[in-house]
Amino acid sequence: MMTVDTQDKLTAGQGVPRLAQWLGLAGLLPQAIAVGLAIYGGAWGWIALAAGFGYAALIFSFLGGVWFGQGIRSALVSPWVYPVSVLPSLIALGLYLPWTFGADWPGPSLLWLGLFLCLSPLVDRALKFEGPEWLALRWRLSLGLGGMTIVLALLAMDQY
């Protein structure tokens, strides 16, 4: 149950609840495990690359949903927020398609996905919906997940 203090902070845009910060950071663990398994190699390495792509793609799509929800919630929204908010899901799908066609995958797809994740806080900054604490958290999480996804890409291009 959310306390009045937490709700007031969120309404005022003054902060991010500590639980949300910890859970956000814990969300980096699956990708860290994928990097470890990819370094280990073998069958687990390939599984880690595919799972790492899937996890990063899910989180990227989730970010689009966050932007869409923030756009609906805000009275001062630019119309560009809605088309931009559906792009992460479409990009993730497009980056998955080479695998279905038997093309070179997952290295290049992981690289692009990692870059998009690293740059995604620029959209949050442009939207100006939340305070500086939110944006700082977004940068930490996006650079963490995006950076590990790029590491997976480099491992994939080196090993496969």
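This text goes with the structure placed above it.
Residues numbered from 1 in each chain as written. Predicted model: local features only at pLDDT ≥ 70, side-chain atom pairs only at ≥ 80, totals over all residues. Heavy atoms only, no water.

The subject of this paragraph is the environment of Thr-100. Topologically, Thr-100 is positioned in helix 5 (residues 81–101). Residue Thr-100 is classed as partly exposed on the basis of its relative accessible area, which comes to 45%. A polar contact is formed between the side chain of Thr-100 and the backbone oxygen of Leu-97, at a distance of 2.6 Å. (Helix = DSSP H or I, 4+ residues; strand = E, 2+ residues; numbered from the N terminus. Buried < 20%, exposed > 50% of the residue type's maximum accessible area, 1.4 Å probe, protein only. Polar contact = N/O pair within 3.5 Å; in protein donor to acceptor, adjacent residues only side chain to side chain.)

A few words on the side chain of Ser-142. Here Ser-142 is to be found in helix 8 (residues 132–159). Polar contacts involving the side chain of Ser-142 include one to the side chain of Ser-120, which spans 3.3 Å. Those residues in contact with Ser-142 that lie beyond four places of it in its chain are Leu-117, Cys-118, Ser-120, Pro-121 and Gly-147. (Contact = heavy atoms within 4.5 Å.)

By size, the foremost hydrophobic cluster in this structure holds 32 residues, and its most contacted members are Phe-53, Leu-110, Leu-113, Leu-117 and Leu-152. Taken together, the elements giving at least two residues each to this core come down to helix 3 (29–40), helix 4 (42–73), helix 5, helix 6 (107–119), helix 7 (121–127) and helix 8. For this core, the element with the most residues is helix 4, which contributes nine residues. (Core = buried A, V, L, I, M, F, W, Y, C linked by side-chain atoms within 4.5 Å.)

This part covers the packing of aromatic side chains. Throughout the structure, instances matching the rule amount to eight aromatic pairs. Between Phe-68 and Tyr-82, the ring centres sit 5.2 Å apart and the planes meet at 70°, which makes this aromatic pair edge-to-face. Linking Phe-68 in helix 4 with Tyr-82 in helix 5, this pair joins segments that are 14 residues apart in sequence. Measuring from ring centre to ring centre gives 4.3 Å for Trp-99 and Trp-105, while their planes differ by 0°; the resulting arrangement is stacked. Overall, the relative accessible area of 38% leaves Trp-99 in the partly exposed class. When its relative accessible area of 7% is taken as the criterion, Trp-105 is described as buried. Among the aromatic side chains, those forming a connected cluster through ring pairs are Trp-46, Phe-53, Tyr-96, Trp-99 and Trp-105. (Phe/Tyr/Trp six-rings, centres within 6.5 Å; stacked < 30°, edge-to-face > 60°.)

The geometry of helix 4 relative to helix 6 is characterised by a closest axis approach of 10 Å and an angle of 35° between their N-to-C directions. Here the hand of the crossing between helix 4 and helix 6 comes out left-handed. Across the interface between the two elements, Leu-49, Gly-52, Phe-53, Ala-56, Ala-57, Phe-60 and Leu-63 from helix 4 touch Ser-109, Leu-110, Leu-113, Phe-116 and Leu-117 from helix 6. In terms of residue class, the contact of helix 4 with helix 6 is made up of 10 nonpolar, two polar and no charged. (Axes fitted to C-alpha atoms, helices over the stretch in contact; angles between N-to-C directions. Left-handed = near helix turned anticlockwise from the far one by under 90°. Nonpolar A, V, L, I, M, F, W, Y, C, P; charged D, E, K, R; others polar.)

This paragraph deals with helix 6. The end-to-end C-alpha distance of helix 6 is 19 Å, a good match for the 18 Å that 13 residues give at a rise of 1.5 Å each. Turning to helix 6, the residues buried within the fold contact helix 4, helix 5, helix 7 and helix 8. (Expected span 1.5 Å × (residues − 1).)

Between helix 4 and helix 5, the least distance of the axes is 7 Å, while the angle of their chain directions is 165°. Accordingly, the angle class assigned to the pair helix 4 and helix 5 is roughly antiparallel. When you trace helix 4 past helix 5, the crossing you get is left-handed. Mapping the contact onto sequence places Trp-46, Ala-50, Phe-53, Ala-57, Phe-60, Ser-61, Gly-64, Gly-65, Trp-67, Phe-68, Gly-71 and Ile-72 in helix 4 and Val-81, Tyr-82, Val-84, Ser-85, Pro-88, Ser-89, Ile-91, Ala-92, Leu-95, Tyr-96 and Trp-99 in helix 5. Residue composition of the contact of helix 4 with helix 5, by class: 17 nonpolar, six polar and no charged. (Parallel < 35°, antiparallel > 145°, perpendicular 65-115°, else oblique.)

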